[in-house]
Amino acid sequence: MENGFSADRVYLIGYMGSGKSTVGKLLAEQLGWNFLDTDEAISELQGKSISTIFEEDGEERFRALEKAFLSFTTELRRQVIATGGGMPTTPENLSTILNSGITIFLDCDSDTLGKRISESIDRPLHQQPTNQLQASIESNLKSRMSFYIEAHITVENSSSPDLTVQRIIDKL
Ligand code: S3P
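The paragraphs below set out a description of the structure included in this document. (Residues numbered from 1 in each chain as written. Predicted model: local features only at pLDDT ≥ 70, side-chain atom pairs only at ≥ 80, totals over all residues. Heavy atoms only, no water.)

**Some points on the nonpolar core**
- Core analysis: the biggest nonpolar cluster contains 27 residues, and Tyr15, Ile42, Leu113 and Ile117 have the highest contact counts within it.
- At the level of secondary structure, the elements contributing two or more residues to this core comprise β1 (9-13), α2 (38-46), α3 (50-57), α4 (59-73), α6 (110-118) and α7 (130-148).
- Ignoring anything within four residues of it in the chain, the contact list for Ile117 reads Tyr15, Met16, Arg123, His126, Leu133 and Ile137.
- Counting residues in hydrophobic clusters, the runner-up holds 17 residues, among them Val10, Val80, Ile168 and Leu172. (Core = buried A, V, L, I, M, F, W, Y, C linked by side-chain atoms within 4.5 Å. Buried < 20%, exposed > 50% of the residue type's maximum accessible area, 1.4 Å probe, protein only. Helix = DSSP H or I, 4+ residues; strand = E, 2+ residues; numbered from the N terminus. Contact = heavy atoms within 4.5 Å.)

**Some words on the site of the ligand**
- If you check the shell around the ligand, you find 14 residues, and the closest are Lys20, Asp39, Arg63, Arg123 and Arg144.
- Between the ligand and Asp39, the relevant distance is 2.5 Å, taken from an oxygen atom to a side-chain nitrogen or oxygen of the residue.
- In this structure, Gly86 approaches the ligand through a main-chain N or O atom, which is 3.3 Å from an oxygen atom.
- Surface burial for the ligand is 94%, taken as the share of its 380 Å² of free accessible area covered by protein chains.
- Structurally, the ligand is housed in the largest pocket.
- Looking at the shell around the ligand, its residues break down into five nonpolar, three polar and six charged. (Near = heavy atom within 4 Å. Polar contact = N/O pair within 3.5 Å; in protein donor to acceptor, adjacent residues only side chain to side chain. Areas by Shrake-Rupley, 256 points an atom, 1.4 Å probe, with all protein chains shown as cover. 1 Å grid on protein atoms, 1.4 Å probe; cavity = no way out; pocket = protein on both sides within 12 Å on 5 of 7 lines; lining within 4 Å. Sits in = over half its atoms within 2 Å of the grid points. Nonpolar A, V, L, I, M, F, W, Y, C, P; charged D, E, K, R; others polar.)

Structure below.
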């Protein structure tokens, strides 16, 4: 790790299924920092799953909760923060993230994302039939990429999370 690493927060950004929570927990362990998953925290605060928030309150309400929670994270210290896939995809949120810590984009090929997303349940934006899932991921990813690539560091995470963490630590 270079001596210049003096941030209080590391934000992990990237599409659903890119491994932000898995990598984030491992990275926090290595740094001796705390780990926080914004979806988990929002879900706990609201007393319902992210899917239920989308269903009962709508996506707009979820995005407002997400924005408010992001603002709360900027006060935390020694914290690795795994963000929801949509959190950095507004100019305002992206700028808050970039200005509040080191931001790492976990890049993943769309086939890997598709495989991981199809195996998970709490994904309100990806309820499409299996044969439409891949196209939907690719189209969303295309429109979000311009936000994700603004991260300070980009690391590929299609294979081993341990290797990804090592790559991140080498770049910090
Ligand atoms: C979303 C990603 C999800 C969650 C919500 C919306 C998105 O988080 O915030 O379902 O818009 O990409 P993960 O990226 O942690 O799955």
